[in-house]
Amino acid sequence: MKMDLEQLRKTAAEVAAREDVKYLIGWKQGTYGYRVAPGFIADAAGAAELIFSPLCTANLATYLTLVEQLPVPRGQEPDDRKVAVMVKGCDSRAVTQLLVEKGVEREEVIVIGCPCPGVVDPVLLAEKYPETEEPVEMKWDGEDFLLIRGDEETKIGRDELLAEKCRLCRYPNPVVSDIMLGEEVQTWELAEDRGVQELEGKGVDERSEYWAEQFDKCVRCYSCRNVCPLCYCQDCILDRLNPTWVNRSVNFSENTAFNIARAFHLAGRCIECGECERVCPANIPLGKLNRKLAREIRDKYDFEPGVDPEAEPFQASFKPDDPEDFIL
Amino acid sequence: MSAMLLNKEKWPEFVEKLAGKNILAPQADGDAMRFAAVAEGDVPALDYNNTRVPPKGALFPQTETMLKFQAGGEQVEEPQLDRETVVLGLRPCDARAMTIVEKLFKWDIDDPYYVRRRDLSTLVGLVCNEPGMNCFCPSVGGGPASTEGLDLLMTDLGEKYLFEAVTDKGEALLSETRDLMEEADGNVAKEKEKLVSEAEQKIKRTVDTEGVAEGLPGLWDDPLWQKVSASCLGCGTCTYLCPTCHCFDIQDETEGFDARRLRTWDSCMFDEYSLHTSGHNPRPTRKERTRNRISHKYSYYVDKFDVIACVGCGRCTNLCPVNIDIIETIRQVKEAL
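What counts as what
- Residues numbered from 1 in each chain as written.
- Chains lettered and ligands numbered in written order.
- Predicted model: local features only at pLDDT ≥ 70, side-chain atom pairs only at ≥ 80, totals over all residues.
- Helix = DSSP H or I, 4+ residues; strand = E, 2+ residues; numbered from the N terminus.
- Rg over C-alpha atoms; globule rule 2.2 N^0.38 Å.
- Buried ≥ 20, exposed ≤ 12 C-beta atoms within 10 Å, placed from the backbone.
- Contact = placed C-beta atoms within 7 Å.
- Domains from an automatic or database assignment.
- Nonpolar A, V, L, I, M, F, W, Y, C, P; charged D, E, K, R; others polar.
- Core = buried A, V, L, I, M, F, W, Y, C linked by C-beta atoms within 7 Å.
- Pairing = 2+ DSSP bridges.
- Expected span 1.5 Å × (residues − 1).

Our next topic: the overall build of chain A. In terms of regular secondary structure, chain A is built from 12 helices and nine strands. The C-alpha atoms of chain A give a radius of gyration of 21 Å, which matches the 20 Å a tight globule of 328 residues would have. C-alpha atoms of chain A, sized along the principal axes, occupy 60 × 55 × 40 Å. Out of the 328 residues in chain A, the part that is buried amounts to 41%. Counting only contacts in chain A whose residues sit at least 6 apart along the sequence, the fraction spanning at least 24 positions is 73%.

Written as structure tokens, this is what we have:
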């Protein structure tokens, strides 16, 4: 890992201090243990708390569309300064897809790219190395991870803790950026997507039973939707009351309607950052569901979202020579 | 009240004795745990820290059918609640939370659903030998062996479980299963005391609530709320996983001509929660919603019912996707006072 923190903080301080920048969103040490929290940096001094480490799993691109836009009071001008955001490879694909969909405009954002050798799976980490109340630091160390607690340093093999999304990652280097920090990282040999393969190996009934069991656990907190950088409809069907597309009652049928609707709306748009699965308090393997659809789109339509800012949005493009005539 | 010992080898027999009742117990689900109905013949294992989703649904289900009717019809049918329930192995914090929630559900008029479910339930708690990372129950009036809200308290003594009746209902359950047990002698109390004091030592995080309840309303316009809520995603994790959060929504839903009125959990972190029919929302952003969530727990509830509506279970902090940490939030509140 060739990026040092000093360089990161210096760059961030310069960006945050710019007059045309509202704030910079980066990662900072969390309140305890392995936690990392999103940091909203409004001035140069704030940049001193930023970090970039194997614990920075969160995809901060979600904040680009999460801002609540209240009506501007009479006599005031809207604040249309830029927002700067730090992105890993996967996160940058979300920014790219947002640009494709015109969810954000290019001139509204400053993208600070962080080439990423892969982050850890926080659940695996806490299982193998129990969390402490003291904040813990982690670094990339050649091929491995280095866990630092006070004076004690523990070297941990990459394979032991690497997050699943990273095992499957083909874009560790940001695909869009205004400023790139550090050096590009080499791509690595991809693991098989065992989760999806396992599902594909099941019969229809077995698969249906599997998902029934999973969706039954859903508590409908909508953390998957809210954390998703590409779930940003201002008028989400889940919130609609008139008509009510998805009932408020929590049961298998409504939970399935919700989860399947979300998966379909993400087909050809999901950039596989894995945030939905990471935040799900009910442990639903949402990554498998979304990756399966992403794979279908890739194999059948030769399309991959979030890699080319000039691309046509998959679900909103039409070819005059489309072999299916039903669409006309 | 009796104190009895059950050899762990007899635990399956104990569970079997409860057959016929609806038994809810923590069950493994991947690397998480959740309370679920125990299938006949199954024996739940109680070696767990705590469930992600609290057992509050035992008394306050996420979806409660209030009545059923036919669209256009004139008859309504009220579901009958009559099955006895035993909640096995809930943690003292979650039982204590039920006493807090009950203050609201028994406030001006009794809430028939909550009260009925509580009457039908026997709550069998389990002392926390291994508190979790973000547990802070002693700071808000609880403890790893608190009996508040419980009918019966179990302690894991290694080879045996100690059962101590707290209420007559607990005593009754004990008498149903007494033949599997032996009387606890004086040494057991000492053994338990040692375990509990060790557990208390393991709780590292604390919250200082002095002056918070009185001071919070004065912080209405404080910049702290912007700071705390900046990273909030506006999801319902903190509220749905909170054992004391009790807000609900009432909806009529139809399926063909079959209609039902039901109430579901609601979350003050959702935009829809405070949205008026007019389209106006008095809590338009996550800043106002966060302020409300914290103030409700640590001030409004104290004002109304004389108890903090937080039991220090740590779930909101454990599972917040963006590390909004209630311990840190209260620390910042204290700082702003």
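Let's pick the thread back up.
Another aspect to go through is the domain arrangement of chain B. Residues and elements named next belong to chain B. Here the domain parsing of chain B yields domain 1 (3-202) and domain 2 (212-336). For domain 1 versus domain 2, the distance between C-alpha centres works out to 26 Å. The interface of domain 1 with domain 2 comprises 34 residues on the first partner and 28 residues on the second. Those elements that provide at least two residues to the side of domain 1 that touches domain 2 are strand S4 (63-70) and helix H2 (92-105). The residue makeup of the side of domain 1 that touches domain 2, split by class, is 17 nonpolar, 10 polar and seven charged.

Residues and elements named next belong to chain A. Assigned domains of chain A: these are domain 1 (5-180) and domain 2 (194-316). Centre-to-centre separation of domain 1 and domain 2, based on C-alpha positions: 24 Å. Across the boundary between the two partners, domain 1 contributes 22 residues, which contact 19 residues of domain 2. Of all the elements in the fold, those that place two or more residues in the side of domain 1 that touches domain 2 are helix H3 (89-100) and helix H6 (164-167). Take the side of domain 1 that touches domain 2: its biggest share by element is nine residues, from H3. When the residues that make up the side of domain 1 that touches domain 2 are grouped by side-chain class, the tally is 10 nonpolar, seven polar and five charged.

A:Val85, A:Val87, A:Val95 and A:Ile112 are the most contacted members of the largest nonpolar core, which totals 157 residues. In this structure, A:Val95 is in contact with A:Ala61, A:Val87, A:Val109, A:Val111 and A:Val176, ignoring residues within four places of it in sequence.

Attention shifts here to the interface of chain B and chain A. Contacts between chain B and chain A engage 37 residues on the former and 31 residues on the latter. Sorting the residues of the side of chain B that touches chain A by element identifies strand S3 (32-37), helix H8 (237-240), strand S11 (248-255) and strand S12 (258-265) of chain B as the ones contributing at least two each. A total of three residues in the side of chain B that touches chain A trace back to one element, the largest contributor, which is S11(B).

Residue and element names in this part refer to chain B. Taken together, the four strands give an open sheet; going across it, the order is S5-S4-S12-S11, and neighbouring strands pair in antiparallel fashion. Looking at the sheet topology across the chains shown, the edges are occupied by strand S5 (76-77) and S11. Here two bridges tie S4 to S5, and the two strands are oriented antiparallel to one another. Paired with Phe-69 across the strands is Val-76, a residue of S5.

Attention shifts here to the pairing of strand S7 (residues 144-149) of chain A. Residues and elements named next belong to chain A. Note: strand S6 (residues 137-141) against S7, five bridges, orientation antiparallel. Paired with Lys-139 across the bridge in S7 is Leu-146. What sits between S6 and S7 in their antiparallel hairpin is a turn of two residues, with Gly-142 showing a positive phi close to 60 degrees. Looking at chain direction, S7 and strand S8 (residues 152-156) are connected through five bridges and run antiparallel. Its bridge partner lying in S8, Leu-147 is registered against Thr-154.

This brings us to H2(B). Residue and element names in this part refer to chain B. Between its first and last C-alpha, H2 extends 20 Å over 14 residues, near the 20 Å set by a 1.5 Å rise per residue. Burial analysis of H2 places 10 of its 14 residues in the buried class, which makes it a mostly covered element. Among all positions of H2, only Pro-92, Cys-93, Asp-94, Ala-95, Arg-96, Ala-97, Met-98, Ile-100, Val-101 and Glu-102 are buried. Elements in contact with the buried residues of H2: strand S6 (85-90), helix H3 (112-120) and strand S7 (121-126).

Let us now look at unusual backbone geometry. Across the junction of A:Asn242 and A:Pro243, the peptide omega takes the value 0 degrees, indicating a cis bond. Of note, A:Pro243 is situated in the loop between helix H9 (223-227) and helix H10 (252-266). Phi is positive for B:Asn323, close to 60 degrees, though the residue is something other than glycine. Tracing the backbone shows B:Asn323 in the loop between helix H10 (315-319) and helix H11 (326-336). A residue is classified by how many C-beta atoms lie within 10 Å of it, and B:Asn323, with 20 of them, is buried.

For the rest of this paragraph, the subject is the pairing of S4(B). Residues and elements named next belong to chain B. Across seven bridges, S4 lies against S12 in antiparallel orientation. From the neighbouring strand, Gln-70 faces S12, where its bridge partner is Asp-258. Counting the residues that bridge the hairpin from S4 to S5 gives five residues, and of these Gly-72 lies at a positive phi of roughly 85 degrees.

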